Structures are given as structure tokens and as C-alpha cells.
Amino acid sequence: MPPPSTSQPPVLNRSSAGQPSSRLNLSPTGPARTQIGLMLRELERAFERSLEKESVEFGVTPSQVDILTVLSMNRWLGMTAIARELDIDRSTAAKAVRALVAKGWVVQRAHPVDLRYQRFELTDDGFVATQVLLARADAAQQKVMSPLMGRDQHAFMNMLSEMVDTASNEGR
């Protein structure tokens, strides 16, 4: 029987005003280092901050970039399929898609056979914007991964992909 865990819960750093800061204590020996979820969320937040800086003139959220990306890989998708593909709830997907429709980057059309079914696809402007945003997302990713050398970046992405695939398959 393994000994009981003696690790303490993660501790947020405190600002000078005594309020939690936005940075977790992620020192190599800090308690948060044992919490993969905390580290992955911190990495995700770093990527999203970098992406927002890279694409500020477009006025899009990371979720909207994700939706544009998914639509660029599929001719068209319904709202449920978009939400399922991104593992977000349908109402969150709907809000993001509405914003993209308002920008003129996504169009909503009725299915040719079943008029009750609405599908979404990129417009020509949406396709162009997606290509630019994907380049910006790549730049944001490079900034976040810049502490790693080239082959370490490749190895990290391979390991991360394997972990995500395994976790996704186990969760379904």
C-alpha cells in the first residue's frame, strides 16, 4: 500500500495587497508542480494571452479562432457538431458562432434536404481571416514554446498529442 500523500494543495502567490496574483507557484519544487491540470491551464492561459496580443485587431476570442479552424477543416458543420468537436457546450458554441456570423466570416444555411437542420460554413472573407489567424496562432504557440529548443518542442508536442489522444479515448 503506498504511503499517504503529504503534498499540500497548490498555493497562489499573493500580491502586495494580499490578493491572489495571476501567477501560480510553479517553482520546480512547488506544490503546483504535482498538479498537471494546473500546469496545463497555466500554459493554455499563456497561449491565449499571446494569441489575443497577436490578433487584437481582429477582435476575436480564442474560442472563435477554434471554431474558424474547425470550419476550415470541414465544408460545413451543424452547431452540435461544432460543440462536440471542440468539447464545449452548445450555448457557448452558439454565442461564438453568432459573433462570427455578425463579422461576415461564417454563414448559416438550412440543410438542402432537412430544412430544420442549420449548418454553418466559412465565407470567403472568413477563409482569408482564418488563414491569417492560424498564422498568428502559430506565432503565439512559438512564443509560448520558446523556452524549449527545436527538437524539445517537437518532442513535447508529440507527447502532449499522445496524452490528449489517450485521455480523450478513455473519457468516451
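Here is a short report on the structure shown in this document. (Residues numbered from 1 in each chain as written. Predicted model: local features only at pLDDT ≥ 70, side-chain atom pairs only at ≥ 80, totals over all residues. Heavy atoms only, no water.)

**Brief notes about the nonpolar core**
Heads up, the rule is: Remark: nonpolar core denotes a set of buried residues (Ala, Val, Leu, Ile, Met, Phe, Trp, Tyr, Cys) joined through side-chain atoms within 4.5 Å. For every residue, the accessible area obtained with a 1.4 Å probe (protein chains only) is divided by the maximum for its type, and the residue is called buried under 20%, exposed over 50%, and partly exposed between those limits. Numbered from the N terminus, helices here are DSSP runs of H or I no shorter than four residues, and strands are runs of E no shorter than two. Whether two residues are in contact is decided by their heavy atoms, any of which lying within 4.5 Å being enough.
Counting 26 residues, the largest nonpolar core has Ile82, Trp105 and Val106 as the members making the most contacts within it. For this core, the secondary structure elements donating two or more residues are α2 (62–72), α3 (79–86), α4 (90–103), β5 (118–122) and α5 (124–145). The contact partners of Trp105, leaving out residues within four places of it in the chain, are Phe58, Val60, Leu68, Leu100, Glu121, Leu122, Thr123, Asp125, Gly126, Ala129 and Leu133.

**Considering α2**
Most of α2 is tucked away, with eight of its 11 residues classed as buried. Regarding α2, the residues found buried are Pro62, Gln64, Val65, Ile67, Leu68, Thr69, Val70 and Leu71.

**Brief notes about the pairing of β5**
Just so we agree on the cut-off: Between any two strands, at least two bridges found by DSSP are needed for them to pair.
The buried fraction of β5 amounts to four of the five residues, a majority that puts the element mostly inside the structure. Relative to β5, strand β3 (residues 77–78) runs antiparallel, the two sharing two bridges. Opposite Gly78, over in β5, you have Arg119 as the bridge partner. Relative to β5, strand β4 (residues 106–110) is paired through five bridges, and the arrangement is antiparallel. Within β5, the residue paired with Val106 across the bridge is Leu122.

**Things to note about the packing of aromatic side chains**
Centre distance and the angle of the planes are the two values used to describe a pair of aromatic rings. Note the threshold: Centres within 6.5 Å make a pair out of two Phe, Tyr or Trp rings, where for Trp the six-membered ring is used; the pair is then stacked when the planes are under 30 degrees apart, edge-to-face when over 60, and tilted otherwise. The rule for a charge over a ring is simple: NZ of Lys or CZ of Arg within 6 Å of the ring centre, and within 35 degrees of the ring normal.
Counting across every chain of the model gives two aromatic pairs. Ring centres of Phe58 and Trp105 lie 6.0 Å apart, and the angle between their planes is 65°; on these two criteria the pair is classed as edge-to-face. Of this pair, Phe58 sits in the loop between α1 (36–54) and α2 while Trp105 sits in the loop between α4 and β4, and the two are 47 residues apart along the sequence. In this structure, Phe58 and Trp105 share a single accessibility class: buried. Between the aromatic rings of Trp76 and Tyr117, the centroid separation amounts to 6.1 Å while the plane-to-plane angle is 70°, which identifies the pairing as edge-to-face. Here Trp76 is found in the loop between α2 and β3, whereas its partner Tyr117 is found in the loop between β4 and β5, with 41 residues between them in sequence. Positioned over the ring face of Trp105 is Lys103, at 5.3 Å from the centre of the ring. Looking at Arg119, its charged tip hangs above the ring of Trp76, at a distance of 4.7 Å from the centre.

**Side note on the side chain of His111**
Which entries qualify depends on this criterion: Throughout this description, a polar contact denotes any pair of N or O atoms lying within 3.5 Å of each other; where both atoms belong to protein, one of them has to be capable of donating a hydrogen while the other can accept it, and for residues adjacent in sequence the pair is counted only when both atoms sit in side chains.
Note that His111 resides in the loop between β4 and β5. Given a relative accessible area of 18%, His111 falls into the buried group. A distance of 3.3 Å separates a polar atom in the side chain of His111 from the backbone nitrogen of Asp114. Ignoring any residue separated from it by four or fewer positions in sequence, one finds His111 in contact with Trp76, Tyr117 and Arg119.

**Description of the pattern of salt bridges**
Threshold: One speaks of a salt bridge when a side-chain nitrogen belonging to Lys or Arg is within 4 Å of a carboxyl oxygen belonging to Asp or Glu.
Enumeration over the complete set of coordinates arrives at five salt bridges. As a salt-bridge pair, Glu54 and Lys143 come within 2.5 Å of each other at their nearest N and O atoms. On the criterion of sequence distance, the pair formed by Glu54 in helix α1 and Lys143 in helix α5 is long-range, its members being 89 residues apart. Since its relative accessible area comes to 16%, Glu54 is described here as buried. Between Asp114 and Arg116 there is a salt bridge, with its nearest N and O atoms 3.0 Å apart.

**With respect to the side chain of Gln64**
Structurally, the position occupied by Gln64 is in helix α2. At 3.0 Å, the side chain of Gln64 forms a polar contact with the backbone nitrogen of Thr61. Residues contacting Gln64, with those up to four places away along its chain left out, are Gly59, Ala96, Ala99 and Leu100.

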